[in-house]
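Structural description and commentary
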Amino acid sequence: MISAAATGFFTAFSLILAIGAQNAFVLRQGLLRAHVFWLALLCALSDALLIAAGVAGVGAVVGLYPGLPRLMALGGAAFLAAYGALRFRAAWRGDYAMVLSGQSAGLWPTLAAGAAFTWLNPHVYLDTLGLIGAISTQYQPVAQKLAFAGAAMASSFTFFFGLGYGARVLAPVMRSPRAWQIFDVIVGAVMWAIAASLLSGALQENI
């Protein structure tokens, strides 16, 4: 069981470690120190739900609807492109008075954006329903499979809360409008790069 748990924890951690759209958003809220707990909880619970579904074998259902991944990729690309444009616009305007004073969007708009970054990202389904679900099949006893899934879920909670609250370490660096401009340009570039990747993949599937 220890081996199954270790595999589940480190597999899940490695999959969400890369700086993607969701992680960049959590990092930004962590720097603002705004709604960090609820956003991290939303992301971690979403991952936990998808991991549970993947281990339970629900990923096979996706095979019944071959057009679903493409539709989600297009929707995710549109959302990321729009959010990236907002970040570029903010960097261009350079008005960070509210940000430097610690102000952020309200709780519900923040959670809505966090949910969109999570559920409109086709990669999260590939990672959880696909990869994690596939790896879990090697653990046949129920106890081992539960240990694998539980550790994978714990990894997600560890990562998102660590990222959200750990971002405060960077707070001293983010005390100038220039620093926030650079950060928003980087975030915007990440969003557009992921959007382009999703769009390219969706169009290739259509060829």
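Further up the page is the structure itself.
First, a word on scope: everything that follows refers to the structure included in this document. Computed from a predicted structure; not experimentally measured.

**Structural notes on the nonpolar core**
Ranked by internal contacts, the top residues of the largest apolar core, which has 39 residues, are Leu31, Leu80, Phe117, Phe160, Trp180, Phe183 and Met191. Within the residue set of this core, elements represented by two or more residues are α2 (21-32), α3 (36-56), α5 (68-93), α7 (107-119), α9 (142-166) and α10 (177-206). For this core, the leading source of residues is α10, giving 10 residues. Ala4, Ile51, Val55 and Tyr139 belong to the second largest nonpolar core, which has 9 residues in total.

**Side note on the environment of Ile2**
Inspection of the secondary structure puts Ile2 in helix α1 (residues 2-16). A sequence separation of 149 residues divides Ile2 from Ala151, and the C-alpha atoms of the two residues are 9.7 Å apart.

**Quick look at a nonpolar patch on the surface**
On the surface, Phe37, Trp38 and Tyr165 cluster together into a nonpolar patch covering about 310 Å² of accessible area. For Trp38, the location among the structural elements is in helix α3.

**Structural notes on the environment of Gly54**
Here Gly54 shows up in helix α3. The spacing of Gly54 and Tyr125 is 71 residues in sequence and 8.5 Å in space, taken between C-alpha atoms. Residues contacting Gly54, with those up to four places away along its chain left out, are Thr128, Leu129 and Gly133.

**What about the environment of Ser176?**
In this structure, Ser176 sits in the loop between α9 and α10. Sequence spacing of Ser176 and Tyr96 is 80 residues, and the spatial spacing of their C-alpha atoms is 8.4 Å.

**Some points on α9**
Since the α-helix advances by 3.6 residues per turn, residues separated by three or four positions end up pointing in the same direction. Taking 1.5 Å of rise per residue, 25 residues should cover 36 Å, and α9 covers 35 Å from first to last C-alpha, within 8% of that figure. All of the buried residues along α9 are Ala147, Phe148, Ala149, Ala151, Ala152, Ser155, Ser156, Phe159, Phe160, Phe161, Leu163 and Gly164. Of the surrounding secondary structure, the elements contacted by the buried residues of α9 are α1, α2, α3 and α8 (122-136).

**Looking at the packing of aromatic side chains**
Applying the stated criterion across every chain yields a total of 13 aromatic pairs. Note on Phe37 and Trp38: the rings are 5.0 Å apart at their centroids and 85° apart in plane angle, and the pair reads as edge-to-face. When its relative accessible area of 48% is taken as the criterion, Trp38 is described as partly exposed. For the pair Phe161 and Tyr165, a centre-to-centre distance of 6.4 Å together with 10° between the ring planes defines the contact as stacked. Note that Phe161 and Tyr165 are positioned in helix α9 at a spacing of 4 residues, about one turn of the helix. Three or more aromatic residues joined by ring pairs make a cluster, and in this case those are Phe37, Trp38, Phe157, Phe161 and Tyr165.

**Some points on the pattern of salt bridges**
Within the structure shown, the criterion is met by 2 salt bridges. Across the pair Arg28 and Asp184 runs a salt bridge, and its minimum N-O distance is 3.3 Å. Highlighted residues: Arg28 in helix α2 and Asp184 in helix α10, separated in sequence by 156 residues. A relative accessible area of 8% places Arg28 in the buried class. A relative accessible area of 0% means that Asp184 is categorised as buried. The salt bridge involving Arg87 is made with Asp184; its shortest N-O contact spans 2.9 Å. Linking Arg87 in helix α5 with Asp184 in helix α10, this pair joins segments that are 97 residues apart in sequence. Asp184 carries the same exposure label as Arg87, and that label is buried.

Quick notes on the rules
- Residues numbered from 1 in each chain as written.
- Predicted model: local features only at pLDDT ≥ 70, side-chain atom pairs only at ≥ 80, totals over all residues.
- Heavy atoms only, no water.
- Core = buried A, V, L, I, M, F, W, Y, C linked by side-chain atoms within 4.5 Å.
- Buried < 20%, exposed > 50% of the residue type's maximum accessible area, 1.4 Å probe, protein only.
- Helix = DSSP H or I, 4+ residues; strand = E, 2+ residues; numbered from the N terminus.
- Patch = residues over 30% accessible without salt bridge, like charges linked within 9 Å, V, L, I, M, F, W, Y side chains within 5 Å.
- Areas by Shrake-Rupley, 256 points an atom, 1.4 Å probe, with all protein chains shown as cover.
- Salt bridge = Lys/Arg side-chain N within 4 Å of Asp/Glu carboxyl O.
- Contact = heavy atoms within 4.5 Å.
- Expected span 1.5 Å × (residues − 1).
- Phe/Tyr/Trp six-rings, centres within 6.5 Å; stacked < 30°, edge-to-face > 60°.

So far we have only geometry, and geometry alone does not tell us how the molecule works.
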